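Spelled out, the chains give:
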Amino acid sequence: MVDHGMVDHGTTEAPGDGTVELEIHEVIETGPGQASVAVRCLRGPVFLDAGFTQLSGSARAIDLKLTRMVEYGREMPQLDPVHTALVTLRGEGVQHLRSSARDTGFQVVQGANAVP
């Protein structure tokens, strides 16, 4: 049997080292300490309450928590790799998030799922 790296949707942990990653496509709305962001899951699955502490292309510290995920108009408890969704990120460093552009490319936030 060949392992094609498919994610088991019953999984409760990210594969490997537990790292989760979201690629930022568009920062749609920013409020005090929060942003609604269109993302693509690069590494996961990503669950509600996941924490993000690293932002590609930036040495600035961030401490963001994922508080909401909406995929095709439905609230979701998790986001699997290659899926896209509108997520809400809250916390320190949200002002450093930016929409992708042809000349700057995509930002990626990296973190881990919350420990139950």
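Please refer to the structure placed before this passage.
Residues numbered from 1 in each chain as written. Predicted model: local features only at pLDDT ≥ 70, side-chain atom pairs only at ≥ 80, totals over all residues. Heavy atoms only, no water.

### Side note on the overall build of the chain
Here is step 1 of the chain: Along the backbone of the chain there are 0 helices and 9 strands.
Here is step 2 of the chain: Its helices and strands in sequence order give the chain the pattern β-β-β-β-β-β-β-β-β, from N to C terminus.
Here is step 3 of the chain: Scored against the burial criterion, the 116 residues of the chain give a buried share of 37%.
Here is step 4 of the chain: Partitioning the intrachain contacts of the chain with sequence separation of at least 6 by distance along the chain shows that 65% fall at a separation of at least 24. (Helix = DSSP H or I, 4+ residues; strand = E, 2+ residues; numbered from the N terminus. Buried < 20%, exposed > 50% of the residue type's maximum accessible area, 1.4 Å probe, protein only. Contact = heavy atoms within 4.5 Å.)

### Regarding the nonpolar core
Here is step 1 of the chain: Core analysis: the largest hydrophobic core is formed by 24 residues, its most contacted members being Leu 22, Phe 52, Leu 66 and Leu 97.
Here is step 2 of the chain: Counting only elements with at least two residues in this core, the list comes to β1 (19–31), β2 (34–43), β4 (51–55), β5 (63–71) and β8 (84–92). (Core = buried A, V, L, I, M, F, W, Y, C linked by side-chain atoms within 4.5 Å.)

### Remarks on the environment of Thr 53
Here is step 1 of the chain: Note on placement: Thr 53 falls in strand β4.
Here is step 2 of the chain: Residues Thr 53 and Leu 64, 11 residues apart in the sequence, show an inter-C-alpha distance of 6.6 Å.

### Quick word on the side chain of His 96
Here is step 1 of the chain: Following the sequence through the fold, His 96 ends up in the loop between β8 and β9 (107–112).
Here is step 2 of the chain: If we skip the residues at most four places from it in the chain, His 96 touches Leu 55, Arg 60, Ile 62 and Gln 107.

### With respect to the environment of Gly 51
Here is step 1 of the chain: Counting through the fold element by element, Gly 51 comes out in strand β4.
Here is step 2 of the chain: Note on Gly 51: relative accessible area 24%, which makes it partly exposed.
Here is step 3 of the chain: Counting along the chain gives 40 residues from Gly 51 to Gly 91, while the straight-line C-alpha distance between them is 9.6 Å.
Here is step 4 of the chain: Beyond its immediate sequence surroundings of up to four residues, Gly 51 is in contact with Leu 64, Gly 111 and Ala 112.

### Looking at unusual backbone geometry
Here is step 1 of the chain: Put simply, Gly 44 and Pro 45 share a cis peptide bond, and its omega is 15°.
Here is step 2 of the chain: Within the secondary structure, Pro 45 sits in the loop between β2 and β3 (46–47).
Here is step 3 of the chain: A positive phi angle is found at Asp 49, which is not glycine, with a value near 75°.
Here is step 4 of the chain: Structurally, Asp 49 is set in the loop between β3 and β4.
Here is step 5 of the chain: Its identity as a non-glycine residue notwithstanding, Val 82 has a phi of 70°, on the positive side.
Here is step 6 of the chain: Under the relative-accessibility criterion, Val 82 is labelled exposed at 54%.

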